[in-house]
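# Architecture at a glance
Each chain, letter by letter, is given below.
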Amino acid sequence: MSEYTIVVPDNDIISCVCGTNDSNLRLIEESLGVSVFTRGNELSIPSDDKETCEKFQFIIDRIVDEINDGGMNSEDVVVSVLNTQKKVNADEMSITVPGALKKIYPRTQHQAEYINLLQTKDMVFCTGSAGSGKTFLAVAEALKLVLSHKKNKLIITRPVVEAGESLGFLPGDLEQKINPYLRPLRDAMETIVGVETVRKLTEAGIIETAPLAYMRGRTLNNAVIILDEAQNTTVSQMKMFLTRMGENSKVFITGDTTQVDLPKKQVSGLVHSISILYKIEDIGFMELTAEDVVRNRLVKKIVRAYEHEKQTEEQ
């Protein structure tokens, strides 16, 4: 039987891939069903089965990409990669943005399911805590659609009044006023395709940013529209936004229902819309949890603590 070999040029990276006392290799072997051998900076499996070799290559490539990207220790990376392999086809759970700095992969099973919804539904609601990937993955899929010329425009918006501060009290013109609110989405775009590409797309009018109030009266055709921080919309604002959707458009709505900044007696438009639209099959719904947080490991622990407190209060 022949061997299939992968060369990992960086010695530090291959050490991370293998793990302490080859603990990570044992996890990979269990997933593949074959042994994995190391020789210097080479990883090999004794197999000529095409599907097994392709899976091995995909797993190692993903692990190397994630380790290079930082933010997770090697064991977490390997477990994350192998978990997302279990239920979703590898070819269907990534986002390839033309000209991107890297391919976008899900780091949890829920994220993989979320990507599938983004790619198969014209409207997707995603709720989740900070760092769960809800906005980043929506931005990645939106950029893919625009840069592959499947949509003409990317429109990003969010409610801009929170914690008692409104646009009128901020200095500068409209763009300068709204920039602080939309900075997280711009950061995500720049991480994926780089600062210069985002600047060119913005100058060309392909990427448009606008406060939610400026959506009224428009019909948005052949576009992908992202509404971020949707938990801070009112019921009427959310209805207005959802009915802006035109022909050949996709709409992604993201928010964290645990961080509503509306007055206490005012119902969140995000919570209300999910409660009345969840039976519509053409709309996708995804809830990400603390297990999907991919920032610093401490953030995951913080989110879990708050979730536990909320569950205790509800009991």
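Residues numbered from 1 in each chain as written. Predicted model: local features only at pLDDT ≥ 70, side-chain atom pairs only at ≥ 80, totals over all residues. Heavy atoms only, no water.

As a further point, take a negative patch on the surface. Taken together, the side chains of Asp48, Asp49, Glu51 and Glu54 present a region of like negative charge at the surface. Tracing the backbone shows Asp49 in the loop between strand E3 (42–45) and helix H3 (50–69). The class for Asp49 is partly exposed, based on a relative accessible area of 38%. (Patch = residues over 30% accessible without salt bridge, like charges linked within 9 Å, V, L, I, M, F, W, Y side chains within 5 Å. Areas by Shrake-Rupley, 256 points an atom, 1.4 Å probe, with all protein chains shown as cover. Salt bridge = Lys/Arg side-chain N within 4 Å of Asp/Glu carboxyl O. Lys, Arg positive; Asp, Glu negative; His and termini not counted. Charge placed at Lys NZ, Arg CZ, Asp CG, Glu CD. Helix = DSSP H or I, 4+ residues; strand = E, 2+ residues; numbered from the N terminus. Buried < 20%, exposed > 50% of the residue type's maximum accessible area, 1.4 Å probe, protein only.)

The next subject is the sheet that holds strand E4 (residues 123–127). Spatially, six strands are ordered E6-E5-E7-E8-E4-E9 in an open sheet, and the strand pairing comes out parallel. A single partner strand is all that each edge strand has here, and the edge strands are strand E6 (207–211) and strand E9 (283–287). The mean angle between the axes of side-by-side strands here comes to 15 degrees, regardless of whether they run parallel or antiparallel. In this structure, E4 lies alongside strand E8 (residues 250–255), joined through five bridges in parallel fashion. Each bridged residue has a counterpart across the sheet, and for Met123 the counterpart in E8 is Val251. Contacts from helix H5 (residues 109–120) reach E4, E8 and E9, with the element oriented near 160 degrees to E9. Sheet strands touched by helix H9 (residues 235–242): E4, strand E5 (153–158), strand E7 (223–227) and E8. Its angle to E8, the strand with the most contacts, is close to 155 degrees. (Pairing = 2+ DSSP bridges. Axes fitted to C-alpha atoms, helices over the stretch in contact; angles between N-to-C directions. Contact = heavy atoms within 4.5 Å.)

This part covers the pairing of E3. Where strand E1 (residues 4–7) and E3 come together, four bridges link them in antiparallel fashion. For Ile6, the partnering residue across the bridge sits in E3 and is Leu43. Direction of pairing for strand E2 (residues 37–39) relative to E3: antiparallel, over a ladder of three bridges. Directly across from Phe37, in E3, lies its bridge partner Ser44. Where E2 hands over to E3, the hairpin turn is made up of two residues, of which Gly40 adopts a positive phi near 65 degrees.

Time to look at the sheet that holds E3. In spatial order, the strands read E1-E3-E2; together these three strands make up an open sheet with antiparallel pairing. Because the sheet does not close on itself, it has two edges, and the strands there are E1 and E2. If you compare each strand with its neighbour and ignore which way they point, the axes differ by 25 degrees on average.

Let's shift gears to the side chain of Asp228. Along the chain, the position of Asp228 falls in the loop between E7 and H9. Residue contacts for Asp228: discarding those within four places in its chain leaves Thr135, Thr157, Arg158, Pro159, Leu185 and Thr254.

Taken as a whole and assessed by the stated rule, the structure comprises three aromatic pairs. Seen from their ring centres, Tyr4 and Phe56 are 6.3 Å apart, and the 75 degrees between their planes marks the pair as edge-to-face. One end of the pair, Tyr4, is in strand E1; the other, Phe56, is in helix H3, and 52 residues separate them in sequence. By relative accessible area, which is 0% here, Phe56 ends up buried. With centroids separated by 5.6 Å and ring planes inclined at 85 degrees, the aromatic side chains of Phe58 and Tyr105 adopt a geometry described as edge-to-face. Of this pair, Phe58 sits in helix H3 while Tyr105 sits in the loop between helix H4 (74–85) and H5, placing them 47 residues apart in sequence. A residue is classified by how much of its surface remains accessible, and Phe58, at 15% relative accessible area, is buried. (Phe/Tyr/Trp six-rings, centres within 6.5 Å; stacked < 30°, edge-to-face > 60°.)

So, on to the pattern of salt bridges. Under the defined criterion, the tally for this structure stands at ten salt bridges. Note that Glu208 is salt-bridged to Lys153, the shortest N-O span being 2.8 Å. Residue Glu208 is found in strand E6, and its partner Lys153 is found in strand E5; the two are separated by 55 residues along the sequence. Judged by its relative accessible area of 17%, Glu208 is buried. The exposure class of Lys153 is partly exposed, given its relative accessible area of 25%. We note a salt bridge from Glu190 to Arg186, for which the minimum N-O separation is 3.8 Å. Of this pair, Glu190 and Arg186 both sit in helix H7 (residues 174–193), four residues apart, roughly one helical turn. A residue is classified by how much of its surface remains accessible, and Glu190, at 18% relative accessible area, is buried. Here the salt bridges share partners, and the residues they tie into one network are Arg183, Arg186, Asp187 and Glu190.

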